[in-house]
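Topology and contacts: notes
Single-letter residue listing:
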Amino acid sequence: MADNKYNVEAAEILANEALHLPITEAVPIYEQLLTTYPTAAKFWKQYVEAQMAVNNDDATKQIFSRCLLNCLQIALWRCYIRFIRKVNEKKGVEGLEETRKAFEFMINYVGADIASGPVWMEYISFLKSLPAQTAHEETQRMTSVRRAYQRAIVIPTHHVEQLWKDYENFENSVSRALAKGLLSEYQPKFNSARAVYRELKKYVDEIDWNLLAVPPTGSYKEEQQWIAWRRLLAFEKGNPQRIDNASSNKRIVFTYEQCLMYLYHYPDIWYDYATWHAKSGSVESAVKVFQRALKALPDSEMLKYAYAELEESRGSIQAARRIYESLLGDGVNATALAHIQIAHNVFEAGLKRFMHEPGYILEYADFLSRLNDDRNIRALFERALNTLPPEESVEVWKRFTQFEQTYGDLVSMLKVEQRRKEALSRTGEEGALAMEGSLQDVVSRYSFMDLWPCSSNDLDHLARQEWLAKNMNKKPEKSSLPNLAALTDKGSSGFSTPYSLSNTVNPDITRMVIYDPGQKSGPGVVPNNAPSGVPAVTSSMSMSGAPLVSTGGTNTFDGILKAAPPALVAFIANLPAVEGPVPDADFVLSICLQSNIPTGQTVKPGVPPVQVAAGGSNREPTVSTKSRPALSGSSMRTSRDRQSGKRKDMERPDEDETTTVQSLPLPKDAFRIRQMQKARAGTTSQTGSASYGSAFSGEHSTSTT
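Below is a summary of the structure that appears in this document. Keep in mind it's a predicted model, so treat the numbers as computed, not measured.

1. What to know about the environment of Lys101
Note on placement: Lys101 falls in helix α6 (residues 92-110). Taking the relative accessible area as the measure of exposure, Lys101 reaches 46% and is therefore partly exposed. Along the chain, Lys101 and Ile84 lie 17 residues apart, while their C-alpha atoms are 10.0 Å from each other.

So this is what it looks like as structure tokens:
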């Protein structure tokens, strides 16, 4: 027994050994057994019979007082009646009255047992044996016997048919005329009891009445017994006899008490028993059941919490406080759940003061959501929304809607959404469109974390449409255009997007240029003062044979090179990567003049392959409408190409190779005039500057003097 407290085989062996021991030696064994198995009726019966055998009446009475109310077993109670009749048999009329009271006491507790037939028969026999000195006493005796029969024949017991036959004989022996009326009145009740007995016997036969109460181990036999008792309880709760509520409840109580004799260590049975009492309107009985349960299972925190809830529900705050304090104990062994429950009570108490604070309501709702307390979350929202003014309830409504979208069904979800719109339509928060349905509501209902029932483009569109709907009556301003990411991050419908809108096109500020009033308007014209990376193209430049393309990727530029003339390709290949917003014109010209660029046309011998347009030409070069990325990948430059068509004075043989930039006449274009003036000013002084030689000589020299 020391190694395994609930060793049933060892307990049976000890009980058998105690039968052969003197009472003084047997008492400690019985006390040890009954401490471990306090509902073992067979051990109590054996113990009390041992005391009765030595005529120890006081000890016998004490034992009965300890066990009778917790062990509703017929054999134990019949032992009690034997003891009562024994001690009162020599007390005359007074003793008979004490015995009658003992029978009534027994019938009141175990008279509903399916095996209580012999108890009823013994009681009726006792009543018939009572002496009657006068006719009045005889009438009283017959009335008592009749009443006992009528009570017995409506109880579904193993002996219900035998009791009915005895009752028929009794009535016929008293008065046949009276018997006919009484028997016809009780015949239907007997028939109902007999029919219920046949059904009840099926459930009772599945129960092992010799089982000892041990903590659940999950064995197959234990589970089968648990199922059998559950079925029997459900059968009794169904009131198969269709008797009055008081009688039906009495049978249910009896069944629960019998069940706890065998499932004594099952907290769910205790809880069901207590809650059944509370639902039946007997809260005091429920409290007593919880108190008994905590004596049986003192370490069950589940039962303590349930008991505390019951005390709180009936307003017994001090009693509930004592239960919570017992959960906290000395603070060392207190569980986290105990502190959580205390926090729950603190939140609830704080509502009396902070019911008008939306932040407090939302924190309380978050706390309850972590406890999976859906019922109280809904109750909290309802209480708060009935108290808060509409203009302060926006966030509470939003959280309530999110809660129903996540945990509620379709009906409750739509109901809350409609109520929210009705409430907020009076505040201006939702505007005039508050009562209208929105596709965004559908998106919000069927989204979960980062999963959305639509594409990001659809979500952007809905967010913008919602913003436009709210601001349609406002004067539009360019600065008031919404940021789509901000719109969809937290819309008014109460949902938030955890992703970034990667498809949003933002302006590239690195390509911003200063407005040039001298620039000619037209497609493809980019100011010459563009920053690095932006092609500077003037209206006097053209790209012959190159298709019009945008500043796209490398693949697009490779396509341009394949379609460009060889001269243009060679020219582009010689362009350097120059940092800065505006390239130096002299440097660009010197690089172009030093490059050996093949031409696509036949020239006369002696004529240089590179020609510069004479200043007297009235024709202006055409503008190139396209740009291209630099080969180096760091910058882009404008390309110049020699016009392969006819040009005035192109093949003049008397062209001087020493002709400089300064000798060229100014072009008619104002911008080009400024560029040429800048180039001339740069060549007038060589001191402290770098010279790239004559623009037409092709020589490259550096002077630092």
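Next comes the rest of the write-up.
2. Some words on the environment of Val154
With respect to the element layout, Val154 can be found in the loop between α8 (135-152) and α9 (160-174). The class of Val154 is partly exposed, set by a relative accessible area of 25%. Distance from Val154 to Val196, taken between C-alpha atoms, is 10.0 Å for residues 42 residues apart in sequence. Among residues more than four places away in sequence, those in contact with Val154 are Tyr186, Lys189, Ala193 and Gln241.

3. As for helix α7 (residues 117-128)
Across its 12 residues, α7 extends 17 Å between first and last C-alpha, which sits within 8% of the 16 Å expected from 1.5 Å per residue. If you check which residues of α7 are buried, you get Gly117, Val119, Trp120, Glu122, Tyr123, Ile124, Phe126 and Leu127.

4. Details of the pattern of salt bridges
Summed over the entire model, instances satisfying the criterion amount to 26 salt bridges. Put simply, Arg321 and Glu325 hold a salt bridge, and the shortest N to O gap is 3.2 Å. With Arg321 and Glu325 both in helix α16 (residues 317-328) and 4 residues apart, this pair spans about one turn of that helix. Residues Glu382 and Arg419 are paired through a salt bridge, measuring 2.8 Å at the closest nitrogen-oxygen approach.

5. A look at the packing of helix α15 (residues 301-313) against α16
Relative to each other, α15 and α16 sit at 160 degrees, their axes nearing to 8 Å. Between α15 and α16, the interaxial angle falls into the category roughly antiparallel. The two elements α15 and α16 cross, and the hand of that crossing is left-handed. When α15 is examined against α16, the residues Glu301, Lys304, Tyr305, Tyr307, Ala308, Glu311 and Glu312 are found in contact with a partner set consisting of Ala319, Ala320, Ile323, Tyr324, Ser326 and Leu327.

Here is what the cut-offs are and how they apply
- Residues numbered from 1 in each chain as written.
- Predicted model: local features only at pLDDT ≥ 70, side-chain atom pairs only at ≥ 80, totals over all residues.
- Heavy atoms only, no water.
- Helix = DSSP H or I, 4+ residues; strand = E, 2+ residues; numbered from the N terminus.
- Buried < 20%, exposed > 50% of the residue type's maximum accessible area, 1.4 Å probe, protein only.
- Contact = heavy atoms within 4.5 Å.
- Expected span 1.5 Å × (residues − 1).
- Salt bridge = Lys/Arg side-chain N within 4 Å of Asp/Glu carboxyl O.
- Axes fitted to C-alpha atoms, helices over the stretch in contact; angles between N-to-C directions.
- Parallel < 35°, antiparallel > 145°, perpendicular 65-115°, else oblique.
- Left-handed = near helix turned anticlockwise from the far one by under 90°.

Shape descriptors only; they carry no functional weight alone.
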